Every structure is written in structure tokens, then in C-alpha cells.
Amino acid sequence: MESGRPRNSKRRDDLRGINANNDQRAVSYEEAFNKTGFGLWQYLLLLQCGWANASDAMEIMCISFIIPSVRDTMKVSHMELSALTFVLFFGMLVGGYIWGSLADTYGRRQIVYISLAVNAIFGALSSVVETYPLLLFLRFISGFGAGGSLPAVFTYFSEFQPTKYRGAMISALATCWMAGNIIIALLAWAVLPESEVLKSISPHGQQWRLFAILCAIPSLISAVLFFFMPESPKYLHVNNKLNESLLVLKKMYKWNHLKNNPYSFQIHKLLPIGPEESDPLFEEDVIYSQENGDNESANLLESSNNYSYKSPTAFPNRSQSRNIFTRFKEKFIFHLKMFHSQFVAIYAQSRRVNSIALTATYILCAFGGYGMAMWTVVLMEKTEKLGGSPCRGYSSNGTDILLHDTISDNSANAYIDVLIGACAQLPGNLLTIFLMDRLGARIILIFVLFLSALSVLCFWLVNVKAQVVAMNAIYSGIQVGAWNALDVITVEMYPTSIRSAATGNMNGISRLGSILGTTIFGLFMDLNCSVPILTVFSVYILCSLISIKLPNTRNITLD
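What comes next concerns the included structure. (Residues numbered from 1 in each chain as written. Predicted model: local features only at pLDDT ≥ 70, side-chain atom pairs only at ≥ 80, totals over all residues. Heavy atoms only, no water.)

1. Quick look at the overall build of the chain
In step 1: Across its full length, the chain carries 22 helices and zero strands.
In step 2: Taking all 559 residues of the chain together, the buried fraction comes to 56%.
In step 3: If you sum the accessible surface of the chain, you get close to 23,900 Å²; carbon and sulfur atoms cover 63% of it. (Helix = DSSP H or I, 4+ residues; strand = E, 2+ residues; numbered from the N terminus. Buried < 20%, exposed > 50% of the residue type's maximum accessible area, 1.4 Å probe, protein only. Areas by Shrake-Rupley, 256 points an atom, 1.4 Å probe, with all protein chains shown as cover.)

If you want it as C-alpha cells, here you go:
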């Protein structure tokens, strides 16, 4: 063996094809990331993140199925029962921004599994309580967790996607929300109808409690899976954890090139960063210019920081704090500064118009989407009971029709109607996956919102329940494209340093629209449903016009 050279280094040089002329070449993060390719890693990640997205949908939609049973079990009024939906949305509003901000400070991965665990644990606990106030509190905490996992999952997933496929893959991830709705409708169909066997294994002998526990299990499984996943390489690189980012890119490359020679491309050799000392594969084979590498890394970090918020000074170590109260106060102040800094960065002057337009679009989309979705069952019942269009004239008997009262008799037909609406989203999801990277999210958003407005007007023309079901299927298939486009625009519009905070902020503030939408439908549906339907039509038209102000993010590189 030559002096100072390991015995097996010549064999490794031959296997890995080291070119002496390229030993000094340094590349940017984006070039190195693109070299990892697109393949098995991204598809497996879609399954995992998609399951997390579906589990959130199941936990959130769980409420709409158990409302009648909760009313009968706890003997609460219609007004008190409406608080169950309100606390869920309010928890998601608060959790969306807080968890999203924490994901930009502490990392995407750990915030994903912590928020999913919070959602699952408190959702399951809510199934065993016997007092209504405690049920509201636990459902608020569950919503708080669900509101955080959504933005963190989408941010995490997007940062593993190449530019060429990012729009389609994010749309595919959004499609998994539909899958969650289908699964929970089937689960409700199987569990909620009267069954002596299921009663015997349900807490307090009530089947809705067993159903709530089953809805929480997918979130818990997702939390466990994410615990073993690596952090986003983009987040690690921007936060100067360069060697950790390098290891994740290496793992991605190996998964995407399993059929090829694993040494056909030295992804770690071309990166302008040093090796992990603990990794023996790096000790002999990484040859680069330390001086050039440091300069390149500094330039990359400087360019990313120019477009991000300035993080507040970190809180002191425990040794600098005199007691628990002082440490808590210091950390609390630190996080308040962090939340403020990120909020200011989201609405900074350079992106203020775009951010305000995006915020308004989220609120208006949630207003129309949740308003129609939550009260479509009532439209079906009014059409069936009163005959003719439910929007022509007033209710003849003035009887209040509560949300999902049609499910209170555990009729299989009610679950089938919900299942049809969920399945109808599949064509819209597939179409957006196909068109997202070809047309761009903004064009799709504008067009879909306009079509959604027209489809809402058609509810005025229905005369029988079957027509309501059909129109709801058409509306659902169209409207889902708006949310897919918003998911793509949001993660592409903001830099890595505030991407999760911005996504959480938009998803959280959209809950204001959800609350307003369901409230207005509830106030006017029993009097004359033409009022909320015309309101939603106007909202979608306004939303389509506002969307014109959003930027075209098609094929951009994530900052």
C-alpha cells in the first residue's frame, strides 16, 4: 500500500469513477438535489404523507358523523351542539399558525409527528368523556393538532420534490384528503348503524365512541412513521446543517437509483460541503477544495437569508436561568418574537399584495366550500320533504333542520350520499394532477373558482333529492381543484425560512371562512336557502377575481 493511502482506495476509485478533473468542482444545492433524481423515494414519501393527510381528514370529518349521537347521549341543545364544530375550526385556526411557525424554527419532521400525535391522542380521549364541556375542550386540542400537521406535511413533502414534478406531486398529496373522506364514510357505514356486538366493545356501550377511537388511530400510525423519517434536506441546508442535508440527499439518491450502480454518481463528492466525520464512506472519498467549499456555502446561505426573516436571539441556556419560572418566561418571550418575526416576513412589503390576495382567497374558498359541504345534507332533506326546489319559497312548517339530522337514524342511504360526494372529487383531482405543471396553479385556480360559482347556482334548479346528489357530485369534483391549486401556490410562493409558517397561517386563517360559511348557512337555510347560495356564488366570483393578483409560480425553484 502506498504511503498514506488506504489499501482499498484504488478499488473504490474504480467503482465510483472519480474523475481527477472534476475533483475540485463545486455545485449549488439545487444542482446536487436534481442529481438525486425522481423515483421510488418520492412515491414512498407520497404514500406516507398522503396517509397523514387522509388521517387528518378522517379526524376532522369525524365530528360531522357523531353530532347526532352526541346530541342524544349528552342531551345538549342545537345551539350548544354547534359549538362542537366551532371549537374544532378554532383549534385548527390557532394550531395552524403556531405549529407552522415552530416547523420553520425546529424542523418540519418533528413538528409533523408531534402535531399528529396530539391530534390522535386527544381525539381518542374525547371518546370516553361523559361531560360536554370536557368533550369540547378535548376536541379543541385535537383540532389544534390537526391544524398544525397539515401545513407541516405539505411543506415537508414539497421540499423533496424536483421542480418539474412538484405541482403534480403536491396535487396528488392533496388528493389523499379525498381518500380520507371516502375511508371515513365507509367506516361510518360499518360502525355507526345499530349493532349489539359493537355496543358490547364500545366505551359506555355507545358506538359513536368506538367510531371516534377508530378515527384517531390513523393519525397515531402516521406520527410513528414520521418519527423514523429524515428531516427535509432543503430546511437543513438553509439552516446551515450542511452535512445532515448531505446525508439525506445521499439517501434519496440511493433509493431513486436502486437498479443502477450505487457508486455511479458521487453526489456527496460534488457538494460544496464537508463530510460527516462519523460516516466511513466519506472519510476517504470526498475530495474538494476547503476554501472554495466554504465560500460557496457562505454564498448560498447569504442568498437564502436575504429573502427570509431574521430569527430572534435564542433563549439562554438553563444554567443562565435561576428557576423554572424564569426559563419559561424567557422561552415564552423568544417564541413570541419568533411568531412576530415570521408574521412580519409573510406580509413584508416585497410580497404584501400577493400575501393579502392569498389570504383573502383562502378565507373565501373556505367560506364557500365548507358552507356548501356542511349543509348539502340539509338541502337533500328539504328537497325530499317539501318537494320541488328547496330554494323556492320558505319552509312550510318552519321546522328547524339540524346539520346531519338525516344521519341520526343511522340510515345506510345517508352514508351512501356522503360517499358519492367524496368519490366525485376523484376526476377533479386527477385532472389537476395532470394539468398543474402544464398550465400553472394560478390559471387553474381562477378557472376552477369561476366554474364553482356556476355550479353553485345550479342548486337552485333541483327538484328531487337525486338531482341534489348529482349537483353536489359535480360541485365537489370542480371545487376540489381550487384547494389543490392553493396548496401548490402557497408552498411555492414563500422561501424555506417561512414556508411552513406561511402555509400554517393561510390554513389557519381560512377557518374564519369555515366558521362564517357554516354559520350563515345555518341562519338562512331554514328560511330561504337562496340567500346562502347566492352569497356563495358571489363569493366564488369575487375570489376568482382576487386570484388574478396571485403570482405565477409555475416551474420556479424553491428559495
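2. Brief notes about the side chain of Ser149
In step 1: Among the secondary structure elements, Ser149 is positioned in helix 6 (residues 132-158).
In step 2: Of the polar contacts made by the side chain of Ser149, one reaches the side chain of Asp56; its length is 2.4 Å.
In step 3: Residues in contact with Ser149, not counting those within four places in the same chain, are Asp56, Ser115 and Leu116. (Polar contact = N/O pair within 3.5 Å; in protein donor to acceptor, adjacent residues only side chain to side chain. Contact = heavy atoms within 4.5 Å.)

3. Some details on the pattern of salt bridges
In step 1: Scanning the model with the defined rule gives seven salt bridges in all.
In step 2: A salt bridge links Arg139 to Glu59, with the nearest nitrogen and oxygen atoms 2.7 Å apart. A residue pair is termed long-range when its members are at least 10 positions apart, and Arg139 in helix 6 and Glu59 in helix 3 (residues 40-74) qualify at 80 residues. Take Arg139 and Glu59: they sit in the same class, and that class is buried.
In step 3: Where Arg71 meets Asp72, a salt bridge forms, and the shortest distance between an N and an O atom there is 3.3 Å.
In step 4: For Arg71, a relative accessible area of 15% corresponds to the buried category. (Salt bridge = Lys/Arg side-chain N within 4 Å of Asp/Glu carboxyl O.)

4. Focus on unusual backbone geometry
In step 1: One non-glycine residue, His204, lies in positive phi territory at about 60°.
In step 2: Its relative accessible area of 44% is what places His204 among the partly exposed residues.
In step 3: Here the phi dihedral of Asn240 falls at roughly 65°; this positive angle occurs in a residue that is not glycine.
In step 4: Within the secondary structure, Asn240 is located in the loop between helix 10 (233-238) and helix 11 (242-256).
In step 5: Residue Asn240 is classed as partly exposed on the basis of its relative accessible area, which comes to 48%.

5. Topic: the packing of aromatic side chains
In step 1: With the rule as written, the count across this model stands at 19 aromatic pairs.
In step 2: These aromatic residues form a ring-pair network of at least three members: Trp41, Tyr156, Phe160, Phe226 and Trp255.
In step 3: For the cation-ring pair, Arg109 lies above Phe227, with the distance from its terminal atom to the ring centre recorded as 5.8 Å.
In step 4: Here Arg438 stacks its cationic end above the ring of Phe434, 4.1 Å away from the centre of that ring. (Phe/Tyr/Trp six-rings, centres within 6.5 Å; stacked < 30°, edge-to-face > 60°. Lys NZ or Arg CZ within 6 Å of the ring centre and 35° of its normal.)

6. Regarding the packing of helix 18 (residues 425-439) against helix 19 (residues 441-457)
In step 1: Where helix 18 contacts helix 19, the axes come no closer than 7 Å and their chain directions differ by 125°. Between helix 18 and helix 19, the interaxial angle falls into the category oblique. Only Ala441, Ile443 and Ile444 of helix 19 make contact with helix 18, whose side of the interface consists of Thr432, Leu435, Met436 and Leu439.
In step 2: When its residues are assigned to classes, the contact of helix 18 with helix 19 shows six nonpolar, one polar and no charged. (Axes fitted to C-alpha atoms, helices over the stretch in contact; angles between N-to-C directions. Parallel < 35°, antiparallel > 145°, perpendicular 65-115°, else oblique. Nonpolar A, V, L, I, M, F, W, Y, C, P; charged D, E, K, R; others polar.)

7. Structural notes on the environment of Tyr156
In step 1: Tracing the backbone shows Tyr156 in helix 6.
In step 2: Spatially, the C-alpha atoms of Tyr156 and Pro233 are 9.4 Å apart, while their sequence positions differ by 77 residues.
In step 3: Apart from the residues lying within four places of it in its own chain, the contact partners of Tyr156 are Leu45, Cys49, Arg108, Arg109, Phe226, Met229, Pro230, Glu231 and Ser232.

8. With respect to the state of the cysteines
In step 1: The full count for this structure, using the stated rule, is zero disulfides.
In step 2: Cysteine Cys543 shares no disulfide, and the gap to the nearest cysteine sulfur, in Cys365, comes to 3.8 Å.
In step 3: Residue class for Cys543 comes out buried when judged on its relative accessible area of 0%. (Disulfide = S-S within 2.5 Å.)

9. Some points on helix 18
In step 1: For helix 18, which comprises 15 residues, the first-to-last C-alpha distance of 20 Å matches the rise-based estimate of 21 Å (1.5 Å per residue) to within 8%.
In step 2: Taken together, the buried positions of helix 18 are Gln425, Gly428, Asn429, Thr432, Met436 and Asp437. (Expected span 1.5 Å × (residues − 1).)

10. Details of helix 5 (residues 108-125)
In step 1: Between its terminal C-alpha atoms helix 5 stretches 26 Å, which fits the 26 Å expected from 18 residues at 1.5 Å a residue.
In step 2: Within the sequence span of helix 5, burial applies to Arg108, Ile111, Val112, Tyr113, Ser115, Leu116, Ala117, Val118, Asn119, Ala120 and Gly123.

11. Structural notes on the packing of helix 3 against helix 7 (residues 163-191)
In step 1: Running from N to C, helix 3 and helix 7 cross one another at 45°; their axes reach a closest spacing of 7 Å. For the element pair helix 3 / helix 7, the angle class is oblique. Considering how the two elements wind past one another, helix 3 and helix 7 form a crossing that is right-handed.
In step 2: Here the residues of the contact of helix 3 with helix 7 sort into 22 nonpolar, five polar and one charged. (Left-handed = near helix turned anticlockwise from the far one by under 90°.)

12. What about a nonpolar patch on the surface?
In step 1: A cluster of nonpolar side chains, Leu40, Leu44, Leu47, Trp255 and Leu258, forms an exposed patch at the surface whose accessible area comes to about 490 Å².
In step 2: When residues in the nonpolar patch are grouped by element, the largest group, three residues, is from helix 3.
In step 3: Turning to its location among the elements, Leu47 is positioned in helix 3. (Patch = residues over 30% accessible without salt bridge, like charges linked within 9 Å, V, L, I, M, F, W, Y side chains within 5 Å.)

13. Focus on the environment of Glu231
In step 1: By the secondary structure assignment, Glu231 is in the loop between helix 9 (207-227) and helix 10.
In step 2: The spatial distance from the C-alpha of Glu231 to the C-alpha of Tyr156 is 8.0 Å, given a sequence separation of 75 residues.
In step 3: Not counting the four nearest positions on each side in its chain, Glu231 is found in contact with Gly107, Arg108, Arg109, Tyr156, Phe160, Leu236 and Val248.
In step 4: At 3.3 Å, the side chain of Glu231 and the backbone nitrogen of Arg109 are in polar contact.

14. Digging into the environment of Thr131
In step 1: Among the structural elements, Thr131 can be located in the loop between helix 5 and helix 6.
In step 2: Placed 57 residues apart in sequence, Thr131 and Met74 show a C-alpha to C-alpha distance of 7.2 Å.

Function cannot be read off these values alone, since they describe shape.
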